[in-house]
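A look at the structure
The chain contents come next:
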Amino acid sequence: IDAGEEGYVLPPVRLLRPGVDLSHFSLRRQAETRARRARGAAVAGENATPSVASKDAPPFTFAYVGRLSSEKSPGMALRALALARASLPRVGSPTLALALAGMGPMEAYLRAMAIHLNVSDCVSFVGQAGGEGLVEHLERADALLFPSLRPQSETFGYVAIEAMAMELPVVNFGLPAAADWALPASYLMGGARESPYARIDAHSYVASEPTSQALAELMVRLATSPLEAAAAGARARAAAAARFNERAATAAREEFFV
C-alpha cells in the first residue's frame, strides 16, 4: 500500500514460525533398513534407471497423515501409487508401499479404490496416529506424501515439519501455505527466483503440475534413488532444526507477546 495515497503506513510484519520438538522426533529410524537400501543402490549404481533393488530390501514406503476426506486429496495419493507401480519394470525394481494414518468419511471409498486400482496389497490403513503413534508411523516410512491440492484446506501442514524432523523428504504440490517448509531458503529470502515447480529442492520434492502423474514421477524418483532420498532426508532434518526448532519458536513468541 502506498502510504502517501492511503494516508497511513502499515506496521512492520514479523514472522512467528511454529516449532517442532526435535527431541520427540528423534532419529530412531531403522538404520538397518536404510543400510540395506544403500547397499542395493551401491551395487546398481545411482545412475541406473531404475536402481536394482537388493533382494532383502523392504518396500519403499510413503506415509500419508491426515483426515481421510476430500479436502486432503487422499485419493490422489492412491492414484499416484498405482501410476508409480505401473511405470516400474517388474524385475529388479524397488517395491512401493503407502501407509495412510487418519480417519474420515472417505475410508471405505479409499479401501475400495485401492482394490480397483490393484494396489490393495501395498496399501495399509493404520487409523488415527498421534503422539508416539505418529512417531512410529513416520519411523516406518521413507518419505511423506502430502497430496493436498486445495489452498483453502491447508493453513500450514504441520505434519510436514514433523516428517522433516524424522529425516523424511516431503512430496507435495507446493501450496502457498506450504511455502515456508516446501521451498528452499534461497527462494523464500528473495534469492533464486526460478520456478519451484518441476525441480528437486534440497529436502522437498514439488510436483510440476497438480496431477497424480506428477506425484507418481517424484515417487519413482525417490524410490529408485535411495541414496538421494537419504541425503534429502538429512537436509530435511537440518531445515526443520534451522527453521522450526521449538525452543527458538517459543522464545520468539515470548519476546513478541511479553
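The residue count restarts for each chain, going from 1 along the sequence in the order it is written. In keeping with the predicted nature of the model, local features appear solely for residues at pLDDT of at least 70, side-chain atom pairs appear and are counted solely at 80 or more, and the whole-chain, interface and lining totals rest on all residues. Side-chain measures here rest on the full set of heavy atoms in the structure, leaving out hydrogens and waters.

This part takes up the nonpolar core. Side-chain atoms within 4.5 Å link the members of a nonpolar core, which is a set of buried Ala, Val, Leu, Ile, Met, Phe, Trp, Tyr and Cys residues. Exposed residues in this analysis have more than 50% of their type's maximum accessible area, buried residues have under 20%, and partly exposed residues fall in between, with area computed by a 1.4 Å probe over protein chains only. Grouped together as the largest cluster of nonpolar side chains are 40 residues, with contacts concentrated most on Phe62, Leu98 and Val123. Those elements giving two or more residues to this core turn out to be β1 (60-65), α3 (74-87), β2 (96-101), α4 (107-116), β3 (123-127), β4 (143-146), α9 (212-223) and α10 (226-243). Of the residues forming this core, the biggest block, eight residues, is contributed by α9. Residues Leu22, Ala63, Ala165 and Ala240 belong to the second largest nonpolar core, which totals 30 residues. Counting from the N terminus, the helices are DSSP H or I runs at least four residues long and the strands are E runs at least two residues long.

Interaxial distance between α3 and α9 falls to 8 Å at its minimum, and their mutual angle equals 55°. On the basis of their axis angle, the class for α3 and α9 is oblique. Crossing handedness for the pair α3 and α9: right-handed. Contact residues: Met76, Arg79, Ala80, Leu81, Leu83, Ala84 and Ser87 in α3; Ser212, Gln213, Leu215, Ala216, Met219 and Val220 in α9. In this count, Pro and Cys sit with the nonpolar residues alongside Ala, Val, Leu, Ile, Met, Phe, Trp and Tyr, while Asp, Glu, Lys and Arg are called charged and the others, Gly among them, polar. Broken down by class, the residue content of the contact of α3 with α9 amounts to nine nonpolar, three polar and one charged. Comment: axis = line fitted to C-alpha atoms, over the contacting stretch for helices; angle = value between 0 and 180 degrees taken between N-to-C directions. The scheme is simple: roughly parallel for angles under 35 degrees, roughly antiparallel for over 145, roughly perpendicular for 65 to 115, oblique for anything else. In this scheme, a crossing is called left-handed if the near helix is turned counterclockwise away from the far one by less than a right angle; it is called right-handed if the turn is clockwise. Two residues qualify as a contact provided that any one of their heavy atoms is within 4.5 Å of a heavy atom in the partner residue.

Even without being a glycine, Ser73 presents a positive backbone phi close to 55°. Of note, Ser73 is situated in the loop between β1 and α3. Overall, Ser73 belongs to the buried group, its relative accessible area being 11%. The backbone phi angle of Asn118 is positive, close to 65°, even though this residue is not glycine.

The side-chain alternation of β4 yields two buried faces, one formed by Ala143 and Leu145 and the other by Leu144 and Phe146. Pairs of strands are assigned from DSSP output, requiring at least two bridges between the strands. Where β1 and β4 come together, two bridges link them in parallel fashion. Counterpart to Ala63 in the pairing with β4 is Leu144. Here the term right-handed applies to a crossover when the path leading from its first strand over the helix to its second strand runs clockwise, the strands being oriented away from the viewer. Running through helix α6 (residues 158-165), the crossover from β4 to the neighbouring parallel element strand β5 (residues 170-172) is right-handed.

When the centres of two rings from Phe, Tyr and Trp lie within 6.5 Å, Trp using its six-membered ring, the rings pair. Their planes under 30 degrees apart give stacked, over 60 give edge-to-face, and anything left gives tilted. For the coordinates displayed, the defined rule picks out one aromatic pair. When the ring of Phe60 is compared with that of Phe62, the centres are 5.2 Å apart and the planes differ by 55°; the resulting orientation is tilted. Pair check on accessibility: Phe60 and Phe62 agree, each one buried.

Here we take up the confidence of the model for the protein. As a per-residue measure, pLDDT tells how confident the predictor is, with possible values from 0 to 100. For the protein, per-residue confidence averages 79 on the pLDDT scale, and 72% of positions sit at 70 or higher. Within the model, pLDDT remains below 50 along residues 46-52, and this stretch shows 22 contacts once partners closer than five positions in the same chain are excluded. Low pLDDT, under 50, characterises residues 186-199; the stretch is placed with 24 contacts to residues that sit more than four places away or in other chains.

In this section: the pairing of β2. With respect to burial, β2 is a largely interior element, six of its six residues being buried. Going residue by residue along β2, you find Leu96, Leu98 and Leu100 tucked away on one face and Ala97, Ala99 and Ala101 tucked away on the opposite face as well. Bridge analysis of β1 against β2 gives six bridges, and the strand direction is parallel. What sits directly across from Phe60, in β2, is Leu96. Examined bridge by bridge, β2 and β3 share four bridges and lie parallel to one another.

Packing of α3 against α4 brings their axes to within 10 Å, and their N-to-C directions diverge by 10°. By the angle class used here, α3 and α4 are roughly parallel. Considering the relative orientation of α3 and α4, their crossing is right-handed. Contacts between α3 and α4 pair Pro74, Gly75, Leu78 and Arg79 from the former with Leu110, Met113 and Ala114 from the latter.

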